[in-house]
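Below are the chains, spelled out letter by letter.
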Amino acid sequence: MVKICCIGAGYVGGPTMAVIALKCPSIEVVVVDISVPRISAWNSDQLPIYEPGLDEVVKECRGRNLFFSTDVEKHVCEADIVFVSVNTPTKTRGLGAGKAADLTYWESAARMIADVSKSDKIVVEKSTVPVKTAEAIEKILTHNSKGINFQILSNPEFLAEGTAIEDLFKPDRVLIGGRETPEGQKAVKALKDVYAHWVPEQNILTTNLWSAELSKLAANAFLAQRISSVNAMSALCEATGADVSQVAYAVGKDTRIGPKFLNASVGFGGSCFQKDILNLVYICECNGLPEVAEYWKQVIKINDYQKSRFVNRVVSSMFNTVSGKKVAILGFAFKKDTGDTRETPAIDVCTGLLGDKARLSIYDPQVNEDQIQRDLSMKKFDWDHPLHLQPMSPATVKQVSCVWDAYEATKDAHAICIMTEWDEFKTLDYKKIYDNMQKPAFVFDGRNVVNAEKLREIGFIVYSIGKPLDAWLKDMPAVA
Ligand SMILES: NC(=O)C1=CN([C@@H]2O[C@H](COP(=O)(O)OP(=O)(O)OC[C@H]3O[C@@H](n4cnc5c(N)ncnc54)[C@H](O)[C@@H]3O)[C@@H](O)[C@H]2O)C=CC1
Ligand SMILES: O=C(O)[C@H]1O[C@H](OP(=O)(O)OP(=O)(O)OC[C@H]2O[C@@H](n3ccc(=O)[nH]c3=O)[C@H](O)[C@@H]2O)[C@H](O)[C@@H](O)[C@@H]1O
């Protein structure tokens with residue numbers, strides 16, 4: 001029986017291994033982590049992450065051929081294939097701070113693999129890493145190998161949160177990069193055989209190591225670039241009276257461009273787009289390619305611009321001040337169907353509004369108050385000015401309350417900001433909400449989920465991203 005061990009029981013390690021276990025009953029899969037609470041949650045009825053369909057998959061194979069454990073060394077030692085799916089955040093200090101990937105967790109995992117291994121192993125990079133990381137990992141493993149043969153493969157993950165199970169069941173492609181030696185190709189085949197249990201062969205791509213590593217960074221950069229492109233257009237739409245949904249639809253009809261991933265929004269969030277682009281920028285700079293670095297940096301700059309443009313729109317529409325006014329924040333997660341708040345645009349928008357002394361009432365169906373308070377009191381890292389860390393004052397955090405109901409959040413509010421496209425926000429009783437709000441009542445829809453015309457009929461003043469402005473907003477001062 002082939003034994004797989006995955007180091008890192010997070011958003012990627014957990015769902016990915018659960019699906020491998022489900023699709024490959026003949027393989028034993030153990031997911032290990034140093035975090036005791038995380039592993040306890042994976043072994044309980046309350047999984048540590050919210051992901052549609054995940055509960056069912058875990059229930060079907062946990063205890064059969066899927067196990068979660070904190071006994072990292074034992075399971076690594078016993079495995080034939082070791083996936084490494086630890087976090088690779090942006091460095092916050094030292095060389096490359098604010099851009100480069102922090103490989104501390106990866107390096108410590110690699111050293112531990114070298115220490116505890118007693119038999120040959122295939123080590124799979126599942127985390128997103130800088131191109132050429134496999135070379136560094138190879139050095140760590142071979143210098144400490146005691147004669148054991150390690151083959152390193154790059155097998156980046158392309159799942160998106162909220163649709164992880166669907167994406168894993170039917171991936172557009174599985175990418176495996178390996179050394180072009182007979183041993184390297186044998187390892188590639190072994191991993192290919194695992195995925196071949198459910199992924200059609202033509203969807204399993206094999207490349208050299210560096211292409212696989214770089215393709216992951218490239219894919220995220222291209223995806224984020226689409227969002228920044230449509231968001232840049234949304235600003236021009238507001239200025240000219242064009243409608244960004246119509247423009248995106250017309251543009252996306254070109255089969256060379258395609259219709260997906262063209263929804264204008266308050267900005268992209270999530271743990272990876274910004275981190276991976278910063279990483280790409282750093283790699284370009286290190287390789288003497290400042291123009292290429294600058295090109296990709298713009299994707300993040302437009303994203304930052306979109307978030308501050310949104311805050312400015314809210315404040316300027318409400319007589320240029322939100323001081324002391326209650327603003328309801330609907331949605332805090334970085335997208336629907338996840339409880340993940342990493343790099344969510346809601347943090348920047350809330351921080352901006354708090355800076356203007358607003359009182360916030362926040363509701364998200366999957367994010368609890370502790371998480372929101374933690375996110376809002378976190379120091380924000382300014383990647384252009386790494387020394388400018390701006391801590392939130394405890395007084396500011398007191399201006400925030402978190403509630404478990406959209407109606408409660410909006411009661412007596414002057415304005416509503418929709419930050420996440422949760423389905424339930426489309427079908428709220430907006431008449432009831434309007435009746436319980438201060439007047440004039442504003443809706444700032446950062447995800448274009450509400451029917452603006454219907455809300456205007458009720459009496460709301462509505463701002464939708466990239467849509468023709470209603471008369472009220474046109475009369476307000478221009479937004480920077
Ligand atoms: N979140 C996502 O949707 C996607 C993430 N990725 C990449 O996958 C990697 C993992 O991301 P997430 O799962 O979101 O991170 P995460 O933070 O949810 O999980 C990482 C886990 O690794 C554990 N860990 C760290 N060092 C360890 C060690 N030495 N031994 C054992 N456990 C250790 C941590 O305790 C944590 O539970 C990152 O490189 C990310 O860029 C790739 C595709 C999608
Ligand atoms: O490497 C990763 O971590 C993953 O990053 C993204 O997945 P994820 O961040 O989970 O979610 P997305 O659906 O890509 O959304 C990212 C952000 O972009 C926003 N978005 C997305 C699409 C769109 O048209 N407009 C838009 O504003 C979302 O609301 C969200 O804030 C990629 O889609 C995955 O392929 C990749 O594996």
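Residues numbered from 1 in each chain as written. Chains lettered and ligands numbered in written order. Predicted model: local features only at pLDDT ≥ 70, side-chain atom pairs only at ≥ 80, totals over all residues.

## Thoughts on the overall build of the protein chain
Logical step 1: Regarding its fold elements, the protein chain presents 19 helices and 14 strands.
Logical step 2: Its C-alpha atoms give the protein chain a radius of gyration of 24 Å, within 12% of the compact-globule value 23 Å for 480 residues.
Logical step 3: With respect to the principal axes defined by its C-alpha atoms, the protein chain has extents near 75 × 50 × 45 Å.
Logical step 4: Here the protein chain, with 480 residues, has 46% of them falling under the buried criterion.
Logical step 5: Across the protein chain, the fraction of contacts at a sequence separation of at least 24, relative to all contacts at a separation of at least 6, is 75%. (Helix = DSSP H or I, 4+ residues; strand = E, 2+ residues; numbered from the N terminus. Rg over C-alpha atoms; globule rule 2.2 N^0.38 Å. Buried ≥ 20, exposed ≤ 12 C-beta atoms within 10 Å, placed from the backbone. Contact = placed C-beta atoms within 7 Å.)

## Overview of the site of ligand 1
Logical step 1: In the neighbourhood of ligand 1, 27 residues make up the surrounding shell, with Gly8, Gly10, Tyr11, Ser127 and Thr128 lying closest.
Logical step 2: When residues of the shell around ligand 1 are assigned to their parent elements, the largest contribution, three residues, is made by helix α5 (residues 104-116).
Logical step 3: A per-class count over the shell around ligand 1 returns twelve nonpolar, eleven polar and four charged. (Near = placed C-beta within 6 Å. Nonpolar A, V, L, I, M, F, W, Y, C, P; charged D, E, K, R; others polar.)

## Some thoughts on the domain arrangement of the protein chain
Logical step 1: You can read the domains of the protein chain as domain 1 (3-199) and domain 2 (241-475).
Logical step 2: Distance from the C-alpha centre of domain 1 to the C-alpha centre of domain 2: 33 Å.
Logical step 3: Each partner contributes residues to the interface: domain 1 has 18 residues there, and domain 2 has 19 residues. (Domains from an automatic or database assignment.)

## Some words on the environment of Lys192
Logical step 1: Structurally, the position occupied by Lys192 is in helix α8 (residues 182-195).
Logical step 2: Separated by 110 residues in sequence, Lys192 and Ile302 place their C-alpha atoms 39 Å apart.
Logical step 3: The residues touching Lys192, leaving out its near neighbours within four places in the chain, are Ile176, Ile204 and Thr206.

## Overview of α5
Logical step 1: Over its 13 residues, α5 runs 18 Å from end to end, which matches the ideal 18 Å to within 8%, given 1.5 Å per residue.
Logical step 2: Regarding α5, the residues found buried are Trp106, Ala109, Ala110, Ile113 and Ala114. Viewed along the axis of α5, the buried residues span an arc of 135°, placing them on a single side of the element.
Logical step 3: Each element contacted by the buried residues of α5 is listed here: β1 (3-7), α4 (72-78), β4 (81-84), β5 (121-125) and α6 (133-143). (Expected span 1.5 Å × (residues − 1). Arc of directions from axis to C-beta.)

## A look at helix α3 (residues 54-61)
Logical step 1: Listed in full, the buried residues belonging to α3 are Val57, Val58 and Cys61. Angular distribution of buried residues about the axis of α3 spans 95°; they occupy a single face of the element.
Logical step 2: Trailing α3 by a residue or two, Gly63 shows a phi angle of about 90°, which is positive.

## Let's talk about the nonpolar core
As a rule of thumb, nonpolar side chains are buried together in soluble globular proteins.
Logical step 1: Judged by nonpolar contacts, the single largest core of 75 residues is most densely connected at Val314, Val327, Ile329, Leu330, Leu353 and Cys417.
Logical step 2: With eight residues, helix α12 (residues 290-317) is the single largest residue contributor to this core. (Core = buried A, V, L, I, M, F, W, Y, C linked by C-beta atoms within 7 Å.)

## A look at the site of ligand 2
Logical step 1: Not every one of the 20 residues close to ligand 2 is listed here, only the nearest: Asn263, Ser265, Phe268, Gly270 and Cys272.
Logical step 2: With three residues, helix α9 (residues 209-240) is the largest single contributor of residues to the shell around ligand 2.
Logical step 3: Its residues placed into classes, the shell around ligand 2 shows eleven nonpolar, six polar and three charged.

## Re the sheet that holds strand β11 (residues 400-402)
Logical step 1: Strand order in the open sheet formed by six strands is β11-β10-β9-β12-β13-β14, and the pairing between neighbours is parallel. Two strands close off the open sheet at either side, each with one partner strand: β11 and β14 (461-464). Strand after strand, the sheet turns through a mean of 20° between neighbouring axes, direction not considered.
Logical step 2: As paired elements, strand β9 (residues 326-330) and strand β10 (residues 359-363) share five bridges and run parallel to each other. The residue of β10 that forms the bridge with Ala328 is Ser361. (Pairing = 2+ DSSP bridges. Axes fitted to C-alpha atoms, helices over the stretch in contact; angles between N-to-C directions.)

## Description of the packing of α5 against α6
Logical step 1: Contact pair α5 / α6: the axes reach a minimum separation of 8 Å and the direction vectors enclose 30°. On the basis of their axis angle, the class for α5 and α6 is roughly parallel. Pair α5 / α6 crosses with right-handed handedness. Across from Glu107, Ala110, Arg111, Ile113 and Ala114 in α5, the residues of α6 making contact are Ile137, Ile140 and Leu141.
Logical step 2: Classifying every residue of the contact of α5 with α6 by side-chain character gives six nonpolar, no polar and two charged. (Parallel < 35°, antiparallel > 145°, perpendicular 65-115°, else oblique. Left-handed = near helix turned anticlockwise from the far one by under 90°.)

## So, unusual backbone geometry
Excluding glycine, residues mostly have negative phi values, and the peptide bonds linking residues are mostly trans.
Logical step 1: Between Lys439 and Pro440 the backbone carries a cis peptide bond, its omega angle lying at -5°.
Logical step 2: Mapped onto the fold, Pro440 is located in the loop between α17 (430-435) and β13 (442-445).
Logical step 3: Even without being a glycine, Asn320 presents a positive backbone phi close to 65°.
Logical step 4: Looking at the element boundaries, Asn320 is found in the loop between α12 and β9.
Logical step 5: The phi torsion at Asn448 lies on the positive side, around 50°, for a residue other than glycine.
Logical step 6: Summarising the element assignment, Asn448 is placed in the loop between β13 and α18 (452-458).
Logical step 7: A residue is classified by how many C-beta atoms lie within 10 Å of it, and Asn448, with 19 of them, is partly exposed.

## Re the environment of Ala164
Logical step 1: Of note, Ala164 is situated in helix α7 (residues 164-169).
Logical step 2: Exposure remark for Ala164: the 26 C-beta atoms within 10 Å place this residue in the buried category.
Logical step 3: Each C-alpha atom of the pair Ala164 and Ala224 lies 18 Å from the other, and the pair is 60 residues apart in sequence.
Logical step 4: Filtering out sequence-adjacent residues up to four positions away, Ala164 remains in contact with Pro15, Glu51 and Leu159.

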